[in-house]
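Survey of secondary and tertiary structure
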Amino acid sequence: MSAGTHTPRPGAAPLPRMIGAQAAFETKMLLRNGEQLLLTVVIPSLLLVLFSTVDIIDTGEGSSVDFLAPGVLALAVMSTAFTGQAISTGFERRYGVLKRLGSSPLPRWALMTAKTLSVLAVEVLQIALLTAIAFALGWSPHGNPLAVLLLLVLGTAAFSGLGLLMAGTLKAEATLAAANLVFLLLLVGGGVIVPLDKFPDAAQSVLGLLPISALSDGLRDVLQHGAGMPWGDLGILAVWSVLGLGAAARFFRWE
């Protein structure tokens, strides 16, 4: 072999390849984290099975699983895009991981893109699992698949922006406590398990503006009642997406 046959080509890999590699790494880290799996997979699955098989809450007319399945899908999106991402990103920021990654050839916006892609990948697995469980429990969904897709995408954007905003402005320990507290509060008051019409009228008008309420009600209108495009709920999620992602881009601190 003659000298110079293998010429080094230093430099960064193409941007799409870097984003793909980082997204794959982020996804593996999420799936290997036992606490994250408990939050994103086990809890929603248990809630769906428990409240569909045990008559604890009055979910109105029709099968309980027809009411609960859309709400649990919304909960799964929130648990991954908001709670899980906020906690993991907050501790990455605390330990200097984000600072080091931010100084790598991967641009900071590309790093956030990779994180978003990893969230979407985990959500696909969540939705597939929860859908299979719901079908086993007798779920019979209706409606427009495009409307469901738009709701899930906008819901992911809204919760992702809020999660990154929390992770980028609070200390890691505060993010851990606040993200779990918000998760519990929205689980109870976001129309996921308990219908919003069970709350006082004054509270309903406020709770209905929350992103989890818009997502769960929109999915329920489409999948349970066969409604068309839920423009009102999509509008609420779009506003939260713009506000959350805009605030995260403005106030996120890498150190």
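In this text the structure is predicted, and so the values were computed from the model without any measurement.

Let's shift gears to the overall build of the chain. Helix and strand counts for the chain stand at ten helices and zero strands. Starting at the N terminus, the α and β elements of the chain follow one another as α-α-α-α-α-α-α-α-α-α. For the chain, the C-alpha radius of gyration of 20 Å lies close to 18 Å, the compact-globule estimate for 255 residues. Counting contacts in the chain only where the partners sit at least 6 residues apart, residues at least 24 apart contribute 81% of the total. Put simply, the chain shows about 12,600 Å² of open surface, and 68% of that area lies on carbon and sulfur atoms. For the chain, the distance from the average site of its 15 positive side-chain charges to the average site of its 15 negative ones is 23 Å.

On to the packing of aromatic side chains, then. All told, the structure shown has three aromatic pairs when counted by the stated rule. Aromatic pair F135 and W139: ring centres 5.6 Å apart, planes at 35°, arrangement tilted. Residue F135 is classed as partly exposed on the basis of its relative accessible area, which comes to 46%. Relative to W254, the ring of F252 lies with its centre 5.4 Å away and its plane at 70°, an arrangement referred to as edge-to-face. Comparing F252 with W254, the two get one shared label, buried. The side chain of R220 reaches across the aromatic face of F67, ending 3.8 Å from its centre.

Before going further, it helps to spend a moment on helix α7 (residues 172-189). Compared with an ideal rise of 1.5 Å per residue, which puts 18 residues at 26 Å, α7 spans 25 Å between its outermost C-alpha atoms and is within 8% of the ideal. For α7, the full list of buried residues reads A172, T175, A179, F183, L186, L187 and G189. The inward-facing, buried residues of α7 abut α2 (34-53), α3 (64-94), α6 (145-169), α8 (201-207) and α9 (211-223). At the C-terminal side of α7, G191 shows a positive phi close to 75°.

To continue, consider the packing of helix α1 (residues 15-32) against helix α5 (residues 108-136). For the pair α1 and α5, interaxial distance at closest approach is 8 Å and the crossing angle is 50°. Relative to α5, the element α1 lies oblique. Crossing angle aside, the handedness with which α1 passes α5 is right-handed. Across the interface between the two elements, L15, I19, Q22, A23, E26, T27, L30 and L31 from α1 touch W109, A110, L111, T113, A114, K115, L117, S118, A121, V122 and L125 from α5. Of the residues that constitute the contact of α1 with α5, the class distribution is 13 nonpolar, four polar and two charged.

What counts, and where the lines are drawn
Residues numbered from 1 in each chain as written. Predicted model: local features only at pLDDT ≥ 70, side-chain atom pairs only at ≥ 80, totals over all residues. Heavy atoms only, no water. Helix = DSSP H or I, 4+ residues; strand = E, 2+ residues; numbered from the N terminus. Rg over C-alpha atoms; globule rule 2.2 N^0.38 Å. Contact = heavy atoms within 4.5 Å. Areas by Shrake-Rupley, 256 points an atom, 1.4 Å probe, with all protein chains shown as cover. Lys, Arg positive; Asp, Glu negative; His and termini not counted. Charge placed at Lys NZ, Arg CZ, Asp CG, Glu CD. Phe/Tyr/Trp six-rings, centres within 6.5 Å; stacked < 30°, edge-to-face > 60°. Buried < 20%, exposed > 50% of the residue type's maximum accessible area, 1.4 Å probe, protein only. Lys NZ or Arg CZ within 6 Å of the ring centre and 35° of its normal. Expected span 1.5 Å × (residues − 1). Axes fitted to C-alpha atoms, helices over the stretch in contact; angles between N-to-C directions. Parallel < 35°, antiparallel > 145°, perpendicular 65-115°, else oblique. Left-handed = near helix turned anticlockwise from the far one by under 90°. Nonpolar A, V, L, I, M, F, W, Y, C, P; charged D, E, K, R; others polar.

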